[in-house]
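# Inside the fold
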Amino acid sequence: MIVVEGLVKRHGVVEVLRGVDLAVAKGDVACLIGPSGGGKSTFLRCLNGLERFQAGRVAIGDLELTAEQTPAEHARAARRVCRRMGMVFQAFNLFAHQTVLQNVIEAPVQVLGMGRNEAVERARALLDRVGMADRLDARPRELSGGQQQRVAIARALAMGPEVMLFDEPTSALDPRMTGEVLGVMTDLARDGQTMIVVTHAMGFARKVASVVHVFGEGRVVESGEPGRVFDAPAHEATRSLLAEVRAA
Amino acid sequence: MEGEPAASESDASARPAPRPTTSTTRRVPPRSSSSPLILAALAALALAPVAHADALQDVRAGKILRYGSDMEGGGPYAFPDPASPRSVTGFEVEMMERLAGGLGASAEFSQGQWDKLLSVLDARRFDAVVNGYEWTEVRSRDYLATRPYYIYQLQLMGPTGGSIGSWEDLKRPRADGRRWRVGVLVGSAADVFAEEEAGSTIEVVRFDGATDAMLATQNGQYDLTLQDVPAALFYKDRFPGLEAIGPPVSRGYYVIYTRKADAALRDALDEGIGRLAASGELRRIYEKYGIWNDLQRELTEFAGPIAPASGQFSARGWELLARYRGRLFDAARVTLGLSFGSMPLAMAIGLAVALGRMYGPGWLRGLLAAYVELIRGTPLMLQLYVLFFVLRLPPWVAGIAGLALNYSAYEAEIYRAGLQAVPRGQMEAALALGMSRWTALRRIVIPQAVRLVIPPVSNDFIALFKDTSVCSVITLVELTKQYSILANSTGGVVEFAAATAAIYLAMSLPLSWFSRWSERRLGAEGVKGGLA
């Protein structure tokens, strides 16, 4: 359902992505791993149009983002893409001036034109699913990081996305909170949600991923089922990455 | 005259000097209406905390006689010399040179705003006020006046070929039922005269400068202007669209004012004027400026200063405030109207400018940056002048538009800072949920930015509140101007200052409370907290 071809992204003279080809099928849980600075997060932000790129294309079903689009065309296409792709950020990015409930109903009401009552009903169900049903009126700053991230997941799910993007969702969390969030994500995966997850949580990747892509120096250096990639890494970059993780 | 011996004069100077016509040893001269209250008030002003020797001594010792005058629209009284624009000339300037010469000193011109000259005199920046200041009962109570040096009348001026033939014609309503609008110099004799005559058919419009009133009348913004004869004669060539209408009306005297304590200086100047009038020197000066007329022959008939009418009741303190409070409240309403009319506009324009500068296309950013710099870099008063005299907007429209434009530039910068202070992740999260950029701004970024800027914006609102006083240059009589008018015309400087300050405080304190309340709330809920 997602096909990426020849994606090149430059920041000035620095080439962050040097031609990435990648496909994600419906129901896949694709984990992107690799050393910091390998271009994983940038790749994710190109998928939903938060960033533009210099060459290549991204196809999501019948929608397309290309390097040739004018800024206006790209913005229009990205908006349509975003209605079908949810995103969860490392820094949560909950709307700071709104309550938990308001955060979750904001986009369904504003973007989909959903009635408020329906939106609230769905929001309650989603917040229940992430274990936050008892904090509907809390403000983001009153919540722990793990709680904020679970609300952020509910907020993204409220749009009924075909694909969920996770950009290092647990990197800002301590181990206990990391567990809460990964638990929610594991449930989602079990329910058949298509997910693309940038993560350093190798345990999660090994347990939950259907496919693992290893990023290194702006390319996908190795792809495969988690068992194969973790137990018999084919690429040098993968081996050194796994060695680092074990040492840590 | 008396007061020549320096020693005896310095003894007398610590208390109000007796009038020269009154030979008395009592502390307070019988004709003076100085009450303990005004003496206490003057002491409270602390302008002259200790006794000074009579200024005449200083003039003689320093060989300089400083006098206060205003050269803004000051022809033919005192104005920049066309032949040498950095120096000043005029019939009063020449007269003062002669008078100072008679005292063995040279005259030094000191610039001040016309309707504030007496206050500056109190502050001892100069020793005499000479600028077409009319003799009035009120002024002669608090200051010493010389004999007249010019007998003025008031001349009505209007557009060439207009329907009005004389002042009497103004007592009939206009064809369209509106009142005749007559521009005057605020606080001048023309102001007082027109105000007395105002009513169902005449409306007085007050300007800060005599020539401003002429310009606005020539522009067709107002029907007529009432001017002192010398100014009308002097400026008739510069305003070819105006003509004198009918014979001059009213009549009064220009006199020199000194501080109460400086009786010797006043007497010396008085004597000097008498000499110049008798010798024909004054006539030569006046003829040079084209302002001599038969009326001036009476100048030689004065034996000395005009005495204030004795026994006339004069209000002070609460009574003064009670009598004029209606005018103060009217002026406060003007201040409120200008503030609440302009600030919402300034905030709206400012927000639009800030958004344009941050999210607009390149050409718009450049344009808006230039807008901010232009508006911020030029004085409000100049902007009001352009809106009123060049674009010829009605005063209320010009005032509100001027304040709104001026403050929009400052609000724009505040909003820009506020928008930049909202973390980028907020916009990204909104976009990632499929919102358009505008929806994201409207629903997510702007509400948070607005919370951040409440304290600086309410701070600016309080500043704007007081900046409304600049609108007096375009005839809007708001609180500060009304204070100035009342203080000058009644002498109640302290009473009205206190009342005016109290009204300003009563109006701006709620704003301060709101500002502090919002700051506290933001502090309690965190910078990014707050109710939707």
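Every value quoted in this text rests on a predicted model; they were computed, and no experiment measured them. (Residues numbered from 1 in each chain as written. Chains lettered and ligands numbered in written order. Predicted model: local features only at pLDDT ≥ 70, side-chain atom pairs only at ≥ 80, totals over all residues. Heavy atoms only, no water.)

A few words on the overall build of chain B. Across its full length, chain B carries 19 helices and 12 strands. Within chain B, the proportion of its 532 residues that are buried is 55%. Just so you have it, chain B exposes about 22,900 Å², and 59% of that area is on carbon and sulfur atoms. (Helix = DSSP H or I, 4+ residues; strand = E, 2+ residues; numbered from the N terminus. Buried < 20%, exposed > 50% of the residue type's maximum accessible area, 1.4 Å probe, protein only. Areas by Shrake-Rupley, 256 points an atom, 1.4 Å probe, with all protein chains shown as cover.)

The figure often quoted for interface size is the accessible area lost as the parts come together. Listed per partner, the contact involves 27 residues of chain B and 25 residues of chain A. In this assembly, chain B packs against chain A so that about 2,000 Å² is buried in total across both faces, 58% of it on carbon and sulfur atoms. At the surface where chain B touches chain A, the tally comes to 2 salt bridges. For the salt bridge of A:Glu106 with B:Arg443, the shortest nitrogen-to-oxygen distance reads 2.6 Å. Inspection of the chain B/chain A interface yields 8 residue pairs in polar contact (both at pLDDT 80 or more). When residues of the side of chain B that touches chain A are traced back to their parent elements, those giving at least two are helix 16 (424-432), helix 17 (437-467) and helix 19 (493-525) of chain B. A total of 8 residues in the side of chain B that touches chain A trace back to one element, the largest contributor, which is helix 16 of chain B. Of the residues belonging to the side of chain B that touches chain A, the class tally is 11 nonpolar, 9 polar and 7 charged. (Contact = heavy atoms within 4.5 Å. Buried area = accessible area lost by both parts, 1.4 Å probe. Salt bridge = Lys/Arg side-chain N within 4 Å of Asp/Glu carboxyl O. Polar contact = N/O pair within 3.5 Å; in protein donor to acceptor, adjacent residues only side chain to side chain. Nonpolar A, V, L, I, M, F, W, Y, C, P; charged D, E, K, R; others polar.)

All names here are of chain A. Spatially, 6-7-8-3-9-10 is the arrangement adopted by the 6 strands of the open sheet, whose pairing is mixed. Two strands in the sheet have a free side with no partner beyond their single neighbour: strand 6 (85-88) and strand 10 (219-224). Here the average twist between neighbouring strands, direction ignored, is 20 degrees. Here strand 6 pairs with strand 7 (residues 163-167) via 4 bridges, running parallel. Its bridge partner lying in strand 7, Val88 is registered against Phe166. (Pairing = 2+ DSSP bridges. Axes fitted to C-alpha atoms, helices over the stretch in contact; angles between N-to-C directions.)

Looking now at the environment of B:Gln218. All names here are of chain B. Along the chain, Gln218 falls in helix 8 (residues 210-218). On the basis of relative accessible area, Gln218 is assigned to the partly exposed category, the value being 30%. C-alpha separation for the pair Gln218 and Pro159, spaced 59 residues apart in sequence, amounts to 6.0 Å. Apart from the residues within four sequence positions on either side, Gln218 is in contact with Phe239, Pro240, Gly241 and Leu242.

All right, on to the sheet that holds strand 9 (residues 202-207) of chain B then. Strands in a sheet are paired, the pairing made by backbone hydrogen bonds, and the direction either parallel or antiparallel. Residue and element names in this part refer to chain B. Spatially, 9-8-10-7-11 is the arrangement adopted by the 5 strands of the open sheet, whose pairing is mixed. Lying at the two open borders of the sheet, with one neighbouring strand each, are strand 9 and strand 11 (242-254). Across the sheet, the mean angle from the axis of one strand to that of its neighbour is 25 degrees, orientation sign disregarded. Against the sheet, helix 8 touches strand 7 (150-159), strand 8 (180-185), strand 9, strand 10 (224-228) and strand 11, its axis set at about 155 degrees to strand 10.

With that settled, the discussion passes to the domain arrangement of chain B. Residues and elements named next belong to chain B. Domain boundaries assigned for chain B yield domain 1 (9-149 + 255-314), domain 2 (152-251) and domain 3 (319-531). Taken together, the contact between domain 1 and domain 2 spans 16 residues of the former and 18 residues of the latter. The largest per-residue losses of area from domain 1 upon contact with domain 2 belong to Trp114, Glu134 and Leu295, which jointly make up 32% of the total buried on that side. Inspection of the region where domain 1 meets domain 2 yields 1 salt bridge. A salt bridge links Arg251 to Glu298; its shortest N-O distance comes to 2.5 Å. Across the side of domain 1 that touches domain 2, the residue classes tally to 7 nonpolar, 4 polar and 5 charged. (Domains from an automatic or database assignment.)

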